[in-house]
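Chain by chain, the residues run as shown.
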Amino acid sequence: MDKKLLHTPEGVRDIYGEEYAKKLMVETWILDKIRCYGYEDIQTPTFEFFDVFSKEVGTTPSRELYKFFDKEGETLVLRPDFTPSIARCAAKYFMDENVPIRFCYAGNTFTNTNSLQGKLKEVTQMGAELIGDASVEADAELAALIIETLLDTGIRDFQLSIGNVEYFKGICMEAGLDEDTELELREYISGKNYFGAEELLIDRNIKPEFREVLLKVTDLFGSMDALAQAKSFVHNSCSLSAVERLERLYEALCLYGVEKYVSFDLGMLSRYNYYTGVIFKAYTYGVGDAIVTGGRYDTLLGRFGKEAPAIGFMIVIDDLMSALSRQNISVHTPQRAELIEYTSENYKEALKAAGKLRKEGKKAVLCPQKTKEEVVL
């Protein structure tokens, strides 16, 4: 036998035993919390048509998609992200719905990236989507739900960083950046490549005063003081409205009693270009990247024919499990099955005992009793 067959490809892994039991338990806690807010389960296909995740939608770059063909020659992709799939599904089945609808989901996503840096190509994601509500109260519901969900898993030392992409967009419009330049600048700033960002702005002949503000965006993070500072840097209505939205969001989160877990970051931008307003990222120690991401995507459903605002978030379960492990947070798994050994003489009685335990909702394993010779071996 080829020993290579025993190994998984790069970027994927097996999960079994106690580790998997803990993962399933955490997933149960998360779903219980999301469902108590009235979100209903939805399942979308593992693969979709390529156009659901196209460049125009603003999702994962084509080079990072797992692509293949069906027998009709259509290009299909393994989903790299749940949000476009759920937007497509909502547009198909809830086209005429005019009241807010709430979905929650769980499943695996697939990203074909070469720069793994310890990241998996297949991860489990869970999340919630609120469609049809453009209010700041909807923003607050999702932000509070993120915080309460993380608290339910046992994590206490974390921060939910909140931004608003409209602040950055407003400055770009005021500075006269075209769409391609804005997207390229977003890539540089998202990747913390400030020298690349500065060089781009100089190359595009952006006025020094706007160049300075765009580069200062990355320094606008922290408490409510950061919002006051952000206001003082701009004069356009789009950016000012973005800050005011965050101020109102903070007031709502104070009513939830979760404000101590909240900070603001006006320089926060996402690799997903479908985000249109408030965006979220939750960080905790022991993990190098955000364990929760999300935000508002008010134009995405329009790509599938339904004009409706929406907001959602996604938890990377694999990263969350790493955080729980590195922070020594216990995840109590269900009690192990009781072992009932049997011989050919007492099999009937052993089977009856096992059946009694199972009817009581307990676990039981029937196992043939080893002979003395087998024990010695």
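Residues numbered from 1 in each chain as written. Predicted model: local features only at pLDDT ≥ 70, side-chain atom pairs only at ≥ 80, totals over all residues. Heavy atoms only, no water.

- Going by an unreviewed UniProt entry, the protein chain carries the name ATP phosphoribosyltransferase regulatory subunit and comes from Kineothrix sedimenti.
- Recorded in UniProt for the protein chain, the comment headed Subunit (unreviewed entry) runs: "Heteromultimer composed of HisG and HisZ subunits."
- Looking at the protein chain in UniProt, the text filed under Function (unreviewed entry) is "Required for the first step of histidine biosynthesis. May allow the feedback regulation of ATP phosphoribosyltransferase activity by histidine." (UniProt positions renumbered as here; feature names shortened; annotations may be inferred.)

1. Some remarks on the overall build of the protein chain
Working step 1: For the protein chain, the helix and strand inventory stands at 12 helices and 14 strands.
Working step 2: In terms of its C-alpha atoms, the protein chain occupies a principal-axis envelope of roughly 90 × 50 × 45 Å.
Working step 3: Among the 377 residues that make up the protein chain, the fraction classed as buried is 46%.
Working step 4: Look at the contacts in the protein chain between residues 6 or more apart in sequence, and 70% of them connect residues 24 or more apart.
Working step 5: Approximately 20400 Å² of the protein chain is accessible, and the part contributed by carbon and sulfur atoms is 50%.
Working step 6: Taken as two groups, the 45 positive and 60 negative side-chain charges of the protein chain have centres that lie 6 Å from each other. (Helix = DSSP H or I, 4+ residues; strand = E, 2+ residues; numbered from the N terminus. Buried < 20%, exposed > 50% of the residue type's maximum accessible area, 1.4 Å probe, protein only. Contact = heavy atoms within 4.5 Å. Areas by Shrake-Rupley, 256 points an atom, 1.4 Å probe, with all protein chains shown as cover. Lys, Arg positive; Asp, Glu negative; His and termini not counted. Charge placed at Lys NZ, Arg CZ, Asp CG, Glu CD.)

2. What to know about the pattern of salt bridges
Working step 1: Applying the stated rule across the entire model yields 20 salt bridges.
Working step 2: Two residues, K362 and E360, come together in a salt bridge whose shortest N-O distance is 3.5 Å.
Working step 3: With relative accessibility at 42%, the residue E360 sits in the partly exposed group.
Working step 4: In the salt-bridge network here, residues are joined through shared partners; they are D139, R245, R296 and D298. (Salt bridge = Lys/Arg side-chain N within 4 Å of Asp/Glu carboxyl O.)

3. Here's the deal with the packing of helix α4 (residues 165-175) against helix α7 (residues 208-216)
Working step 1: Contact pair α4 / α7: the axes reach a minimum separation of 10 Å and the direction vectors enclose 165°. By the angle between their directions, the pair α4 and α7 is classed as roughly antiparallel. Viewed along their axes, α4 and α7 form a crossing whose handedness is left-handed. Residues F168, I171, C172, E174 and A175 of α4 pack against F210, V213 and L214 of α7. (Axes fitted to C-alpha atoms, helices over the stretch in contact; angles between N-to-C directions. Parallel < 35°, antiparallel > 145°, perpendicular 65-115°, else oblique. Left-handed = near helix turned anticlockwise from the far one by under 90°.)

4. Regarding the packing of helix α3 (residues 136-153) against helix α9 (residues 237-256)
Working step 1: Relative to each other, α3 and α9 sit at 50°, their axes nearing to 9 Å. The angle between α3 and α9 falls in the class oblique. In this structure, α3 crosses over α9, and the sense of that crossing is right-handed. Contacts from V136, D139, A140, E141, A143, A144 and E148 in α3 reach R245, R248, L249, A252, L253 and Y256 in α9.
Working step 2: A breakdown of the residues in the contact of α3 with α9 according to their chemical character gives 8 nonpolar, no polar and 5 charged. (Nonpolar A, V, L, I, M, F, W, Y, C, P; charged D, E, K, R; others polar.)

5. Considerations on the environment of I162
Working step 1: Inspection of the secondary structure puts I162 in strand β7 (residues 158-164).
Working step 2: On the basis of relative accessible area, I162 is assigned to the buried category, the value being 0%.
Working step 3: For I162, the residues in contact, after removing those within four places along its chain, are A143, L246, L249, L253, V262, S263, F264, D265, M268, V278, I279 and F280.

6. Regarding the side chain of S239
Working step 1: Here S239 shows up in helix α9.
Working step 2: Looking at S239, its side chain comes within polar contact range of the main-chain oxygen of Y167, at 2.8 Å. (Polar contact = N/O pair within 3.5 Å; in protein donor to acceptor, adjacent residues only side chain to side chain.)

7. Some thoughts on unusual backbone geometry
Working step 1: One non-glycine residue, N205, lies in positive phi territory at about 55°.
Working step 2: Residue placement: N205 occurs in the loop between α6 (194-203) and α7.
Working step 3: By relative accessible area, which is 69% here, N205 ends up exposed.
Working step 4: For N328, which is not glycine, the phi torsion reads 55° and is therefore positive.

8. A word on the sheet that holds strand β4 (residues 75-78)
Working step 1: Reading across from one edge, β2-β4-β3 is the order of the 3 strands in this open sheet, with antiparallel pairing throughout. Each edge of the open sheet is held by one strand with a lone partner, namely β2 (47-49) and β3 (67-69). On average, adjacent strands in this sheet sit at an angle of 40° to one another, irrespective of strand direction.
Working step 2: As defined by bridge partners, β3 adjoins β4 across 3 bridges and the pair is classed as antiparallel. Considered in β4, the bridge of F68 is made with L76. (Pairing = 2+ DSSP bridges.)

9. Overview of helix α1 (residues 17-35)
Working step 1: With 19 residues, α1 ought to run about 27 Å at 1.5 Å a step, and its terminal C-alpha atoms sit 27 Å apart, in line with that.
Working step 2: In this structure, the buried side of α1 is in contact with β1 (40-41), β5 (101-110), β6 (122-131), α3, β12 (310-316) and α10 (317-326). (Expected span 1.5 Å × (residues − 1).)

10. Here we look at the packing of aromatic side chains
Aromatic rings considered in pairs are described by the distance between their centres and by the relative angle of their planes.
Working step 1: Per the stated rule, a full pass over the model turns up 9 aromatic pairs.
Working step 2: Note on Y272 and Y274: the rings are 5.4 Å apart at their centroids and 10° apart in plane angle, and the pair reads as stacked. Taken as a pair, Y272 and Y274 share a single burial class, namely buried.
Working step 3: Through a chain of ring-to-ring contacts, three or more aromatic side chains come together here, namely Y272, Y274, Y275 and Y297.
Working step 4: Residue placement shows R102 over the ring face of Y39; its charged tip is 5.7 Å from the ring centre. (Phe/Tyr/Trp six-rings, centres within 6.5 Å; stacked < 30°, edge-to-face > 60°. Lys NZ or Arg CZ within 6 Å of the ring centre and 35° of its normal.)

11. A word on the pairing of strand β13 (residues 338-342)
Working step 1: Both β13 and strand β14 (residues 364-368) contribute to a ladder of 5 bridges, which runs parallel. Considered in β14, the bridge of E341 is made with C367.
Working step 2: Regarding topology, helix α11 (residues 347-359) serves as the crossover connection from β13 to the parallel β14, and that connection is right-handed. (Right-handed = clockwise from strand over helix to strand, strands pointing away.)

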